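Descriptive structure summary
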Amino acid sequence: MKIQPLSDRVVVQAQDAEEQTASGLYIPDTAKEKPQRGVVLAVGPGRVENGTKIDMTVKAGDVVLYGKYSGTEVTLDDQDYMIMRESDILGIIQ
Amino acid sequence: MKIQPLSDRVVVQAQDAEEQTASGLYIPDTAKEKPQRGVVLAVGPGRVENGTKIDMTVKAGDVVLYGKYSGTEVTLDDQDYMIMRESDILGIIQ
Amino acid sequence: MKIQPLSDRVVVQAQDAEEQTASGLYIPDTAKEKPQRGVVLAVGPGRVENGTKIDMTVKAGDVVLYGKYSGTEVTLDDQDYMIMRESDILGIIQ
Amino acid sequence: MKIQPLSDRVVVQAQDAEEQTASGLYIPDTAKEKPQRGVVLAVGPGRVENGTKIDMTVKAGDVVLYGKYSGTEVTLDDQDYMIMRESDILGIIQ
Amino acid sequence: MKIQPLSDRVVVQAQDAEEQTASGLYIPDTAKEKPQRGVVLAVGPGRVENGTKIDMTVKAGDVVLYGKYSGTEVTLDDQDYMIMRESDILGIIQ
Amino acid sequence: MKIQPLSDRVVVQAQDAEEQTASGLYIPDTAKEKPQRGVVLAVGPGRVENGTKIDMTVKAGDVVLYGKYSGTEVTLDDQDYMIMRESDILGIIQ
Amino acid sequence: MKIQPLSDRVVVQAQDAEEQTASGLYIPDTAKEKPQRGVVLAVGPGRVENGTKIDMTVKAGDVVLYGKYSGTEVTLDDQDYMIMRESDILGIIQ
């Protein structure tokens, strides 16, 4: 993994629909803003608000849900990643 | 239940229109932004504002009303859930 | 009354146009954003701003004016209600 | 007068174009956002900002100018009123 | 002069294009948001921010530049005025 | 120079494309939001934030870069100027 | 390098798609908002928030990822640069 996200961003390796169905999560294709699921690979140091650093909640290894249109896709060494702000993450699958 | 919502989000299991009518709540299909009703399954830790955590008001088990277009639908283990911010919840049915 | 509104929301039972005309309030149908009138049935605890709870101004029993497109309509036990934020209320009819 | 405005709202009785011309104020019909003129009938207690109530500047009896699309029209006892925020008032005619 | 502007508003008597050209200022008609020039006739007391009144910078008699679409036109006693916020004023011609 | 800019505005004398190319800066005509270059002629006193004046960074004589659609064009004594906020300035050419 | 960026802006020398592929980063042309990659050449002093200067995270020499539509392109001495705010930078490639 070669990307160090800035501020409160996280790098996520998305799990595609097949993987998601296999693990029990089904997201219909017709949903307008459908959530997606992935594994957190790297987290930023957190954003600073009024001089105080806000700690990150998610950590590397977490499986997270996020909106379909959240974040930005990047491809590095033939691998797809998502970079998004932590506020775009809906929840952690436990 | 397998989703731990982040920040001030809640996971809600929606009750469909039939259930709602049975329990006395009728929401017309023609309403432009019609509220919906569901049971809270999980709540986040609350959001942080200026370094202070804002406690959540709703708790697991609450039956809540929310706008039709609030939140994001997810399906996990063949079960539909909604993930929304507490600020999208209009009220608690008592 | 079965809805406990959250934050600074209020539950209002709208008075329809006939009632309004009968009581002397006329709202033309051609008005783009016409106000409406109703009785407050329940009020939330108030919103929290910077750690301080802001008290509500309206109380149950108040007859209030609000914009036509303010709030969300809900129907509970065959009765129509409006849920809106106090900031959507224009004034109290005395 | 039967409306007690909330927050920093004021109730204004508009003076129509004829009255305005008679008193020397002419507002061309072609102006995109033309001001209007009226008499303040009631003022709210003022809005609260960070726990401090902001006093109102206008008072009942003031003749004020405001934008054409400011505020909301209401009719009570066959009389037309405008309810607007004080920040929509441009100035006081002295 | 009969208008007392509220908050940080100012009343300006616009100088039309001919006057402007005569005084050396030329504003092309094709400019999308062309500035205009006028004389300040009255200034408000200043706006209040967090309980502190912000003093006005311009004063009656100043010749100021402002954007074409800034402010609101009013006509009083057959005289045209502009009412705008001080933040709409670009600069003072010295 | 006859314009004293208000707040954090600056008056800039733009250098046209030919001048810019001559000095080595080339801005393609097809760029949607192409930067431009000019000399600062006058700077405002700075804006006030929470009661504290924020000092200006640029000063008269600086050659600055700014977006094509930043600021407002004025013509005074047959000379073209730009009035923009300092936050519209991208950088200083050294 | 001749541009000193203001506030929290950075000057970046973009690496085009070929360079990026050569170094292992592939960004599909069909991506609506595709990230791009470049080398930081200069950084501003940081922005000021409530009287406190916020230090910059990136420094000259960093290879960074940013959105395709972030920043403004400039050409100086026949060389292309991007000027963007640090908040437009997604992460640092290590």
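About the cut-offs
Residues numbered from 1 in each chain as written. Chains lettered and ligands numbered in written order. Predicted model: local features only at pLDDT ≥ 70, side-chain atom pairs only at ≥ 80, totals over all residues. Heavy atoms only, no water. Helix = DSSP H or I, 4+ residues; strand = E, 2+ residues; numbered from the N terminus. Buried < 20%, exposed > 50% of the residue type's maximum accessible area, 1.4 Å probe, protein only. Contact = heavy atoms within 4.5 Å. Areas by Shrake-Rupley, 256 points an atom, 1.4 Å probe, with all protein chains shown as cover. Least-squares fit on C-alpha atoms with pLDDT ≥ 70 in both. Salt bridge = Lys/Arg side-chain N within 4 Å of Asp/Glu carboxyl O. pLDDT = per-residue confidence, 0-100. Buried area = accessible area lost by both parts, 1.4 Å probe. Polar contact = N/O pair within 3.5 Å; in protein donor to acceptor, adjacent residues only side chain to side chain.

1. Observations concerning the overall build of chain A
Each helix and strand in chain A was counted, giving one helix and nine strands. Walking chain A from its N terminus toward its C terminus, one meets helices and strands in the order β-β-α-β-β-β-β-β-β-β. Counting over 94 residues, chain A shows a buried share of 46%. Taking as baseline every contact in chain A between residues at least 6 positions apart, the subset at least 24 positions apart corresponds to 67%. Carbon together with sulfur atoms contributes 45% to the accessible area of chain A, which is approximately 4,700 Å² in total.

2. Digging into the environment of K53(B)
Here K53(B) lies in strand β5 (residues 52-53). With residues up to four places along the chain from it excluded, the contact list for K53(B) reads P45(B), G46(B), R47(B) and V48(B).

3. With respect to the relation of the copies chain D and chain E
Mapping chain D onto chain E calls for a screw motion: a turn of 51° about the axis and a shift of 0.0 Å along it, with 0.0 Å RMSD after fitting. Of the interface residues in chain D, just 5% have counterparts in chain E that sit at the interface too, so the contact is made through distinct surfaces.

4. Regarding the pattern of salt bridges
Inspection of the entire model under this criterion finds 34 salt bridges over all chains. In this structure, the salt-bridge partner of D77(C) is K2(C), at a minimum N-O distance of 2.4 Å. With D77(C) in the loop between β7 (72-76) and β8 (79-85) and K2(C) in the segment before β1 (3-5), this residue pair connects regions lying 75 residues apart in the sequence. On the accessibility criterion, D77(C) (38% relative accessible area) is partly exposed. Classification of K2(C) as partly exposed rests on a relative accessible area of 36%. A salt bridge links R47(D) to E49(D), with the nearest nitrogen and oxygen atoms 3.3 Å apart. One connected set of salt bridges, linked through shared partners, spans D8(A), R47(A), E49(A) and R85(A).

5. A closer look at the confidence of the model for chain A
Residue and element names in this part refer to chain A. Per-chain confidence: chain A averages 83 in pLDDT, with 78% of residues scoring 70 or above. Between residues 18-22, whose pLDDT stays under 50, and residues either more than four places distant or in other chains, the model counts six contacts. The model gives residues 29-33 a pLDDT under 50, and that stretch makes five contacts with residues more than four places away or in other chains.

6. Regarding the interface of chain D and chain C
Taken together, the contacts link 17 residues of chain D with 21 residues of chain C. Across the interface of chain D and chain C, roughly 1,500 Å² is buried in total on both sides, 57% from carbon and sulfur atoms. By the criterion of area lost to chain C, the three top residues of chain D are L6(D), T72(D) and T75(D), representing 33% of everything that side buries. One can count zero salt bridges joining chain D with chain C. For the pair chain D and chain C, the number of links is seven residue pairs in polar contact (both at pLDDT 80 or more). Elements with a minimum of two residues in the side of chain D that touches chain C: β1 (3-5), β7 (72-76) and β8 (79-85) of chain D.

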